[in-house]
Amino acid sequence: MNGISLQGKGIVVTRPRAQAGEMLTLLQAQGARPILFPAVQIEAPENWQSLDDALHQLAAYDWVIFSSRNAVAFALSRLQSRNLSWPTGPRIAAVGRETAKALREFGLQVDLVPRRFSSEGLLESPELVAVQEQRIALFAGDQGRELLEKTLGERGAVIDKVLCYRRGIPGANPTPLLHAWARGELDAVTVTSPEIFNNFYQMVGGLGQRWLKNTPIIAISPLTAAAVTTVGLAAPWIAPEASAAGMLAALMVWAQGLEPVA
């Protein structure tokens, strides 16, 4: 990375532990000190009906879109637990590279991954422009964006949004994190969704919120960056792509002393 290093830097990773592995590995390879502080809790849906109904009629869909690794994990684990198999009919789209990787780990072929790892990127794909009267299942969690559902519906598709999981705020004690902050051991915070940032902001309380004003924040996307600036904090550094590698690239830009790109 052109001699730029994160050696000794304390970098907060706010993703759930189960999904933080790649980021932790990349940071450790750069000599950083990852500080894992999950700011979202992923839980099973309160009611499985929506997911079960969709899994039993998969063959009726033209497209099945997975919005995240979590959607893949919950949906396909449920599929297996019900002794169901994936039919040959529907094509599969993944919002990003990590989601596509998770699908392939379950043995499924992914037909569409956008070049821009986002809902916007997926909607730019030619395959999803002319979807008049096509049936599309959108496997997602609660509190997610409505952009895919809304836009594909406007294009004439029949959309079934399938709830696969819930997001919640963990009950973690922030005191150890705040103590590390007070000792000057916390150099930057990484956030990978608006929900994760908002949860983190709430979890660290008034003291942490004041310290955040002088702590660099690395956001995975412009949408996540908007959540940061909405609460009055300075513009964060934004990853060039929505992935762990993209987050590391943005951290390296920060480490060079360069300002965030407006």
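Residues numbered from 1 in each chain as written. Predicted model: local features only at pLDDT ≥ 70, side-chain atom pairs only at ≥ 80, totals over all residues. Heavy atoms only, no water.

1. Some thoughts on the nonpolar core
Formed by 26 residues in total, the largest nonpolar core has its most connected members in V64, F66, L76, W86, L103, F139 and C164. Of all the secondary-structure elements, those providing two or more residues to this core are α2 (49–56), β4 (63–66), α3 (69–81), β5 (91–94), α4 (97–105), β6 (135–141) and β7 (158–168). Looking at this core element by element, the count peaks at 6 residues for α3. Excluding residues that lie within four positions of it along the chain, F139 makes contacts with L51, A54, L55, L58, V64, I65, F66, S67, A71, A75, V162 and C164. Residues V12, M203, A225 and V228 belong to the second largest nonpolar core, which totals 24 residues. (Core = buried A, V, L, I, M, F, W, Y, C linked by side-chain atoms within 4.5 Å. Buried < 20%, exposed > 50% of the residue type's maximum accessible area, 1.4 Å probe, protein only. Helix = DSSP H or I, 4+ residues; strand = E, 2+ residues; numbered from the N terminus. Contact = heavy atoms within 4.5 Å.)

2. With respect to the pairing of β4
Of the two faces of β4, both are covered, the one formed by W63 and I65 as well as the one formed by V64 and F66. Across 4 bridges, β4 lies against β5 in parallel orientation. Across the sheet, V64 pairs through a bridge with I92, a residue of β5. Where the polypeptide runs from β4 across α3 and back to β5, its parallel neighbour, the crossover connection is right-handed. Looking at chain direction, β4 and β6 are connected through 4 bridges and run parallel. (Pairing = 2+ DSSP bridges. Right-handed = clockwise from strand over helix to strand, strands pointing away.)

3. Here we look at empty space enclosed by the protein
A complete count under the given rule lists 1 cavity of 30 Å³ or more for this structure. For the largest cavity, the calculated volume is near 90 Å³. V13, R15, Q19, E22, M23, E98, T190, T192, I220, S243, A244 and M247 together form the lining of the largest cavity. Elements that contribute at least two residues to the lining of the largest cavity include exactly α1 (21–29) and α11 (244–255). (1 Å grid on protein atoms, 1.4 Å probe; cavity = no way out; pocket = protein on both sides within 12 Å on 5 of 7 lines; lining within 4 Å. Points joined across faces, edges and corners; volume = space filled by probe spheres on them.)

4. Comments concerning the sheet that holds strand β2 (residues 33–36)
Across the sheet, 5 strands lie side by side as β2-β1-β8-β9-β10; this open sheet has parallel pairing. Pairing within the sheet leaves two strands with one partner each, and these edge strands are β2 and β10 (237–238). Judged from the 3 bridges that link them, strand β1 (residues 10–13) and strand β8 (residues 188–191) form a sheet pairing that is parallel. Following the sheet pairing, V12 is matched in β8 by V189.

5. Comments concerning the pattern of salt bridges
Following the criterion strictly, the structure yields 10 salt bridges and no others. D52 is the partner of R78 in a salt bridge, and the nearest nitrogen-oxygen pair spans 2.8 Å. Taken together, the residues span a long stretch of sequence, with R78 in helix α3 and D52 in helix α2 at a distance of 26 residues. R78 sits in the buried class, given a relative accessible area of 15%. Look at D52 and you get buried, because its relative accessible area is 11%. A single network of salt bridges, built from pairs that share partners, joins E43, E46 and R166. (Salt bridge = Lys/Arg side-chain N within 4 Å of Asp/Glu carboxyl O.)

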